[in-house]
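Residue-level structure breakdown
The primary structure of each chain is shown beneath.
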Amino acid sequence: MKKNRILSGVQPSGDLHIGNYLGAIKNFVKFQNQYECLFCVVDLHAITVWQNPSVMLHQTRKVISAFIASGIDPNKNTLFAQSDVPHHTQLAWIFSCVARMGWLNRMTQFKDKAGKDKENVSVGLFTYPTLMAADILIYLATHVPVGEDQKQHLELTRDIAQKFNNDFNTSFFPLPEPLILGNGKRVMSLRDGSKKMSKSDPSDYSRIMLTDTIDQISNKIKKAKTDSHPISDNLEDIKNRLEAHNLISIFASLNDKEVSSVLNEYSGKDFSYFKKDLIELIVEKISPIGKEISKLMQDLNYIDNVLLRGKENSTILADSILSKVYEIIGLKKR
Ligand code: AQP
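Keep in mind the model is a prediction, meaning the values are calculated, not measured.

1. Topic: the environment of Gln109
Residue position: Gln109 is located in helix H6 (residues 108–114). Separated by 122 residues in sequence, Gln109 and Ile231 place their C-alpha atoms 33 Å apart. With sequence-adjacent residues up to four places away left out, Gln109 is seen in contact with Tyr128, Asp149, Gln150, Gln152 and His153.

2. Quick word on the domain arrangement of the chain
Here the chain is described as being made up of domain 1 (5–185 + 300–329) and domain 2 (204–295). Put simply, the middle of domain 1 and the middle of domain 2, counted by C-alpha atoms, are 30 Å apart. The interface is formed by 15 residues belonging to domain 1 together with 14 residues belonging to domain 2. Carbon and sulfur atoms make up 73% of the surface buried where domain 1 meets domain 2, a total of about 1,300 Å² over both sides. For domain 1, the biggest contributors to the area lost against domain 2 are Ile18, Leu22 and Ala69; these three give 38% of the whole. The interface formed by domain 1 and domain 2 includes 1 salt bridge. Viewed at the interface, domain 2 and domain 1 are joined by 4 residue pairs in polar contact (both at pLDDT 80 or more). Elements represented by at least two residues in the side of domain 1 that touches domain 2 include exactly helix H1 (18–31) and helix H3 (53–70).

3. Let's talk about H1
The terminal C-alpha atoms of H1, which comprises 14 residues, lie 18 Å apart, in line with the 20 Å expected from a rise of 1.5 Å per residue. Along its length, H1 reaches its greatest deviation from straightness, about 35 degrees, at Ala24. Counting buried residues in H1 gives 12 out of 14 residues, a clear majority hidden from the surface. Residues of H1 that are buried: Ile18, Gly19, Asn20, Tyr21, Leu22, Gly23, Ala24, Ile25, Lys26, Asn27, Phe28 and Phe31.

4. Let's talk about the pairing of strand E1 (residues 5–10)
For E1, a buried count of 5 out of 6 residues is recorded, marking the element as mostly surrounded by other parts of the structure. As defined by bridge partners, E1 adjoins strand E2 (residues 36–41) across 6 bridges and the pair is classed as parallel. Of the residues in E2, the one forming a bridge with Gly9 is Cys40. With respect to chirality, the unit in which E1 leads through H1 into the neighbouring parallel E2 is right-handed.

5. What to know about the site of the ligand
Ser13, Lys196, Ser198, Lys199 and Ser200 are the nearest of the 19 residues found near the ligand. One of the side-chain N or O atoms of Lys199 is found 2.2 Å from an oxygen atom in the ligand. Put simply, the parts of the chain that give the shell around the ligand at least two residues each are E1 and H1. Broken down by element, the shell around the ligand gets its largest block of residues, 4 residues, from H1. Counted by class, the shell around the ligand contains 4 nonpolar, 9 polar and 6 charged residues.

6. Brief notes about the pattern of salt bridges
Under the defined criterion, the tally for this structure stands at 16 salt bridges. Between Asp204 and Lys220 there is a salt bridge, with its nearest N and O atoms 3.8 Å apart. In this pair, Asp204 is assigned in the loop between strand E5 (177–180) and helix H9 (214–223) and Lys220 in helix H9, connecting sequence segments 16 residues apart. Arg241 serves as the salt-bridge partner of Asp227, at 2.8 Å between the closest nitrogen and oxygen. Residue Asp227 is found in the loop between H9 and helix H10 (235–240), and its partner Arg241 is found in the loop between H10 and helix H11 (242–254); the two are separated by 14 residues along the sequence. Owing to a relative accessible area of 11%, Arg241 belongs among the buried residues under this scheme.

7. Comments concerning the nonpolar core
Phe28, Ile64, Phe67, Leu210, Ile250 and Phe274 are the most contacted members of the largest nonpolar core, which has 60 residues in total. For this core, the element with the highest residue contribution is helix H13 (residues 271–296), accounting for 10 residues. Residue contributions to this core reach at least three from each of two domains, namely domain 1 (5–185 + 300–329) and domain 2 (204–295). The residues contacting Ile64, other than those within four sequence positions of it, are Val41, Leu79, Phe80, Ile303, Val306 and Leu307. The next biggest cluster of nonpolar side chains, apart from the first, holds 42 residues, and it includes Ala99, Leu104, Ala133 and Val325.

8. A look at the packing of helix H4 (residues 87–98) against helix H8 (residues 151–167)
Where H4 meets H8, the closest approach of the two axes is 10 Å, and the angle between their N-to-C directions is 80 degrees. The pairing of H4 with H8 is recorded here as roughly perpendicular in orientation. Here Ile94, Phe95 and Val98 of H4 come into contact with H8, specifically with Ile160, Lys163 and Phe164. Taken together, the residues that form the contact of H4 with H8 break down as 5 nonpolar, no polar and 1 charged.

Calculation rules
- Residues numbered from 1 in each chain as written.
- Predicted model: local features only at pLDDT ≥ 70, side-chain atom pairs only at ≥ 80, totals over all residues.
- Heavy atoms only, no water.
- Helix = DSSP H or I, 4+ residues; strand = E, 2+ residues; numbered from the N terminus.
- Contact = heavy atoms within 4.5 Å.
- Domains from an automatic or database assignment.
- Buried area = accessible area lost by both parts, 1.4 Å probe.
- Salt bridge = Lys/Arg side-chain N within 4 Å of Asp/Glu carboxyl O.
- Polar contact = N/O pair within 3.5 Å; in protein donor to acceptor, adjacent residues only side chain to side chain.
- Expected span 1.5 Å × (residues − 1).
- Bend = angle between axes of the 7 residues up to and from the residue.
- Buried < 20%, exposed > 50% of the residue type's maximum accessible area, 1.4 Å probe, protein only.
- Pairing = 2+ DSSP bridges.
- Right-handed = clockwise from strand over helix to strand, strands pointing away.
- Near = heavy atom within 4 Å.
- Nonpolar A, V, L, I, M, F, W, Y, C, P; charged D, E, K, R; others polar.
- Core = buried A, V, L, I, M, F, W, Y, C linked by side-chain atoms within 4.5 Å.
- Axes fitted to C-alpha atoms, helices over the stretch in contact; angles between N-to-C directions.
- Parallel < 35°, antiparallel > 145°, perpendicular 65-115°, else oblique.

What follows is the structure, encoded as structure tokens:
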């Protein structure tokens, strides 16, 4: 039996892009052989900013399809929707009574997302990290795959677990360990190398969607911002050329290579040459996933069954853990 448990989530806030794939899902595929895995469509996180109700279910099914199309086995792992298991929000309330205002005030992602409009964003966007802590700890997950942007939230999860354990004189919650995915896996916008590739970027040309056609992939990469200098084999030089570095990193990531080895291979070549190979590589690695997503989305009964099984499995786990939490804090779950 695998004794370490992973929990990770993806928001159904739009169609998934190669950033979501290279930064998260591709790693999930590897983890499924080493860990007991729960992969969650975090729809309740998505609604911290307004989402169109008429596409929520469709997007949720599409994330599940993307998981399966990328190679996550729905028979070996629990794939489910966060809103199907109300225990997450119940534990999140308890955690919002454990977490301190000062801790949440320090969350940089809130500051980034709220920007200058702090007074007008939802309360949910501010308390988001307590729900994330509950997502993880409602299953006593021991490991959480995190990119750079989520590291601080996982630290907060550990602080909440630690404070809960101290406050109630218990060792009930584990302090979940990060599975760091590395900086290189942060895919940046194709239009602006200083911004991360994101579902909510207004420009469709900023990202490659998993379901893009060959023509779309080709057009987007041809139009991707670069500079006029040839590729140099000096890593430090490329790191300062943000858009150039991003394209090389995408190539390296898709091929499971180091950036330095790609630089050696293409040193002296210009970007029009490199882009042709990059288009070919994306088509080779991503198009089959896109085709499989479209195929799976033709069989919604199958996807809904995966979601139902996921709900059942996760509810069994969450129910017994929440009962114990209630007992620890002096409540009774009848
Ligand atoms: N650009 C990225 N590079 C590497 N990893 C990324 N992830 C997202 N964008 C990149 C990782 O994908 C997983 C799921 O992300 P999410 O959908 O839950 O939230 P997000 O990080 O907010 O993703 P987006 O695409 O930027 O969505 P919106 O625009 O709706 O906020 C996470 O593991 C994330 O790190």
